[in-house]
Amino acid sequence: MIKIALCLLRYELRWHDNPVLHQAFNDPRASHVLPVFCFDPRQYDLSRIPPELIGRSAKWDSPKTWNFGFPKCARHRRNLIYECVEDLQRTLRGKGSALCVRFGKPEIELPDLVKTLQSSDSAVVGVYMSKELTYEEVRVEELLASRLKKDSSSVVLSFVHGTNHLLNPMALPFRLSDLPDVYTQFRKRVEGAGDLEKLIPSPLPEIKIKPLPNQVKCEDISLFKKYLTEDHDGDSRTAFPMSGCETTGLKRLAYYLWESDCAQKYKETRNGLLGADYSTKFSPFLAIGSLSPRKIVQELWRYERERFGRSSTDSWSTGKRDHDAVGGPLENTYWIWFELLWREYFRLVAAKFVNQIFMPEGIAPGAKGNHGRWQVNKQLAEHWTNGTTGVPFVDANMRELNETGFMSNRGRQNVASFLTKDLGIDWRYGAEYFESQLIDHDVCSNYGNWLYSAGVGNDPRQDRHFNIIKQAKDYDPDGKYVKAWCPELSSTSSNFVHTPWLLGKPSQYVGLIMKPLESWGRASKSSSGNDRGSKNGGGSGQSRSNSAKMVHPSELQTGGRTGRTRRQSTGRLQTDWISKKEQPN
């Protein structure tokens, strides 16, 4: 009898170091394995697929975000996910397997596959999938488990933990309930725990392929490309001019470390705005799971050993970072680790606080009952999303996001501060817009960062407020970035490119939607000296001024479907942007 294991892939679209594939292919009961990916209509827009092509009687509606109705997965991320699925399907075929692509809800598609595969001469011995952390993903797990139990009580759904984690949760030096509320404390606990190699499991070995069951046809995903993607000319200004698939991710890792040695200057360039190499650009690959975080760290360790003859566990552990490494290449590779650890921290925060990370009051101590201050002025909010606020540094970043699906870390911190602190708009509006648009959207990192920026998250200083003009002058002193994305300012002097309203004459550029803050005036008069050494990443570009006074408030409407929130899932959960909130000691 043929015995079959199914494995559902979600955010681990890779062949290397894939715990879900590894568990399924190594199931001693299974003689055959069928990898599956579902385009879930609650996450992806499938409305363009003719229903008859996939055996449906009606089209699906386009999915929207929870509170503000943005497209759940806009064109850039939709295109990237398609590339990842297509690449993995090609890779598996090259290994002697395949990827079965289904269109529909996993809790319906997987049980239907089980029914198809169960026969007199074959049986499904198990279904494998990753154990995720947040509501929508966990809800799919609950529904699938319930449906399988109802339809096929003999088929066990097995959850694979930590598929995209960097650290081994079982080896952490504290319980999840004792996770520090501040990143610095978390980092020091992890780095001071001893040998990091014990905390970071090695990537899994090569999988021995088992054949596919012949009852299911694995159609080529390219047949559906025109329904799943949107053709558009690539923007030459993009900072991410590549695919997000596993093949490209592994090439990017090799390029950034071994071919270009960009890793040796990462700390110096990480706050850049233009070009592909100012930062690692690993975040899109990490978000969709086409690149394993453990693979990155293992490669960093090998890079340090072969380039500098040093063990990374010596240079990364608290108390073992020598003073002679400061300012050298080891400091730069350490900072890549530092950012990966931020990503891991936000995953653990999501596991600890569950659905509280989606609530307007956030997770900050004493924040409950303090969510009434969040409002959404629709006109102002739309100026922010469209990149027409009249503040060039904000507008340039938002236009880059809209045109490419990517934005630098420096830009994300500034536009988030502007939305929540200067405009006083509900942070969830920004989080949902980023969820819709970003090619590197990761629910834990995205919502964790927005909580932080809004002062209701893991920031020990809840009044952190960026001076946008000071930041612009520090990180775009000549205005090259602003001019690239706001061509209306291409002929404006660098002295006024960030403050065109001071020219006192008509301009093609949009007008300000708010009165300039007093702190902006001080920044305009000061030199644009580099103040990047601050522990909090903002230097003197931060201020504690109040939210801006809006122009003509009587003409602006307040709106947004703010009454809807993610409901609590049953039980406790198990346990790119990668932000730079503080510097290591």
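Owing to the predicted nature of the structure, the values given are computational and were not obtained by experimental measurement. (Residues numbered from 1 in each chain as written. Predicted model: local features only at pLDDT ≥ 70, side-chain atom pairs only at ≥ 80, totals over all residues. Heavy atoms only, no water.)

## Quick word on the overall build of the protein
So, point 1. Within the protein, the secondary structure is distributed over 21 helices and five strands.
So, point 2. Within the span of the protein, comprising 585 residues, buried residues form 60% of the whole. (Helix = DSSP H or I, 4+ residues; strand = E, 2+ residues; numbered from the N terminus. Buried < 20%, exposed > 50% of the residue type's maximum accessible area, 1.4 Å probe, protein only.)

## What to know about empty space enclosed by the protein
So, point 1. Its volume calculated, the largest cavity comes out at about 390 Å³.
So, point 2. Lining the largest cavity are 29 residues, and of these Tyr-11, Glu-137, His-441, Asp-442 and Val-443 sit closest to its centre.
So, point 3. Of all the elements in the fold, those that place two or more residues in the lining of the largest cavity are helix H2 (75–95), helix H4 (135–151), helix H10 (283–288), helix H13 (329–353) and helix H18 (443–454).
So, point 4. It is H10 that contributes the most residues to the lining of the largest cavity, four residues altogether. (1 Å grid on protein atoms, 1.4 Å probe; cavity = no way out; pocket = protein on both sides within 12 Å on 5 of 7 lines; lining within 4 Å. Points joined across faces, edges and corners; volume = space filled by probe spheres on them.)

## Some points on the pattern of salt bridges
Proximity of charged atoms lets side chains of opposite charge pair with each other.
So, point 1. Evaluated as defined, the whole model comprises 31 salt bridges.
So, point 2. Ionic pairing is found between Arg-252 and Asp-277, a salt bridge with its closest N-O pair at 3.1 Å. Note that Arg-252 is positioned in helix H8 (residues 246–259) and Asp-277 in the loop between helix H9 (266–269) and H10, a separation of 25 residues in sequence.
So, point 3. Arg-252 gets classed as buried once you look at its relative accessible area, which sits at 6%.
So, point 4. By relative accessible area, which is 27% here, Asp-277 ends up partly exposed. (Salt bridge = Lys/Arg side-chain N within 4 Å of Asp/Glu carboxyl O.)

## Looking at the packing of aromatic side chains
So, point 1. One pass over the structure, following the stated rule, counts 35 aromatic pairs.
So, point 2. Ring geometry for Tyr-256 versus Phe-282: centroids 5.9 Å apart, planes at 70 degrees, classification edge-to-face. With Tyr-256 in helix H8 and Phe-282 in the loop between H9 and H10, the pair connects residues that are 26 residues apart, well separated along the chain.
So, point 3. What makes Phe-282 buried here is its relative accessible area of 3%.
So, point 4. Among the aromatic residues, those joined into a cluster by ring pairs are Phe-174, Tyr-183, Phe-186, Tyr-334, Trp-335, Phe-338, Trp-342, Tyr-345, Phe-346 and Tyr-452.
So, point 5. The residue whose ring lies beneath Lys-131 is Phe-159, and the NZ or CZ to ring-centre distance is 5.7 Å.
So, point 6. The ring of Tyr-475 carries Arg-410 above its face, with NZ or CZ at 4.2 Å from the centroid. (Phe/Tyr/Trp six-rings, centres within 6.5 Å; stacked < 30°, edge-to-face > 60°. Lys NZ or Arg CZ within 6 Å of the ring centre and 35° of its normal.)

## Details of helix H16 (residues 409–422)
So, point 1. Given a rise of 1.5 Å per residue, 14 residues ought to cover 20 Å, and the 19 Å separating the end C-alpha atoms of H16 matches this to within 8%.
So, point 2. Positive phi appears at Gly-424, one or two residues downstream of H16, with a value of about 65 degrees. (Expected span 1.5 Å × (residues − 1).)

## Focus on the packing of helix H14 (residues 378–386) against helix H17 (residues 427–437)
So, point 1. Here H14 crosses H17 at 35 degrees, and the two axes come no closer than 12 Å. In the packing of H14 onto H17, the handedness of the crossing is right-handed. Counting all contacts with H14, which are made through Ala-381, Glu-382, Trp-384 and Thr-385, the residues of H17 involved are Tyr-429, Gly-430, Tyr-433 and Phe-434.
So, point 2. Grouping the constituent residues of the contact of H14 with H17 by class yields five nonpolar, two polar and one charged. (Axes fitted to C-alpha atoms, helices over the stretch in contact; angles between N-to-C directions. Left-handed = near helix turned anticlockwise from the far one by under 90°. Contact = heavy atoms within 4.5 Å. Nonpolar A, V, L, I, M, F, W, Y, C, P; charged D, E, K, R; others polar.)

## Description of the sheet that holds strand E3 (residues 100–103)
So, point 1. Strand order in the open sheet formed by five strands is E3-E2-E1-E4-E5, with parallel pairing between adjacent strands. Strands with a single pairing partner mark the edges of an open sheet, and in this sheet they are E3 and strand E5 (157–160). Here the strands of the sheet are splayed against their neighbours by 30 degrees on average, with no regard to which way each runs.
So, point 2. Against the sheet, H2 engages strand E1 (2–9), strand E2 (32–39) and E3, with an angle of about 165 degrees to E2. (Pairing = 2+ DSSP bridges.)

## Re the packing of helix H15 (residues 392–404) against H16
So, point 1. Close contact between H15 and H16 brings their axes to 10 Å; oriented N to C, the two are set at 115 degrees. In this structure, H15 meets H16 at a crossing whose hand is left-handed. Contact with H15, carried on its side by Phe-393, Val-394, Asn-397 and Met-398, involves Gly-411, Asn-414, Val-415 and Phe-418 of H16 and no other residues of that element.
So, point 2. Looking at the contact of H15 with H16 residue by residue, the class counts come to five nonpolar, three polar and no charged.

## Brief notes about the nonpolar core
So, point 1. Counting 142 residues, the largest nonpolar core has Phe-39, Phe-103, Leu-167, Phe-186, Trp-337 and Trp-384 as its most contacted members.
So, point 2. Residue contributions to this core peak at 14 residues, all from H13.
So, point 3. When sequence neighbours within four positions are dropped, the list of residues in contact with Trp-384 reads Thr-389, Val-394, Met-398, Val-415, Phe-418, Leu-419, Leu-423, Tyr-429, Gly-430, Tyr-433, Phe-434 and Trp-450.
So, point 4. Membership of the second largest hydrophobic core comes to 21 residues, among which are Ala-98, Leu-113, Leu-117 and Val-124. (Core = buried A, V, L, I, M, F, W, Y, C linked by side-chain atoms within 4.5 Å.)

## What about the pairing of E2?
So, point 1. When you tally the buried positions in E2, you get eight out of eight residues, the bulk of the element.
So, point 2. A two-sided burial pattern is seen for E2, the buried positions comprising His-32, Leu-34, Val-36 and Cys-38 on one face and Val-33, Pro-35, Phe-37 and Phe-39 on the other.
So, point 3. Taken together, E1, helix H1 (residues 19–25) and E2 constitute a β-α-β crossover, and its handedness is right-handed.
So, point 4. As defined by bridge partners, E2 adjoins E3 across four bridges and the pair is classed as parallel. Each bridged residue has a counterpart across the sheet, and for Phe-37 the counterpart in E3 is Val-101.
So, point 5. In this region the chain leaves E2, passes through H2 and returns to the parallel neighbour E3; the handedness of that crossover is right-handed. (Right-handed = clockwise from strand over helix to strand, strands pointing away.)

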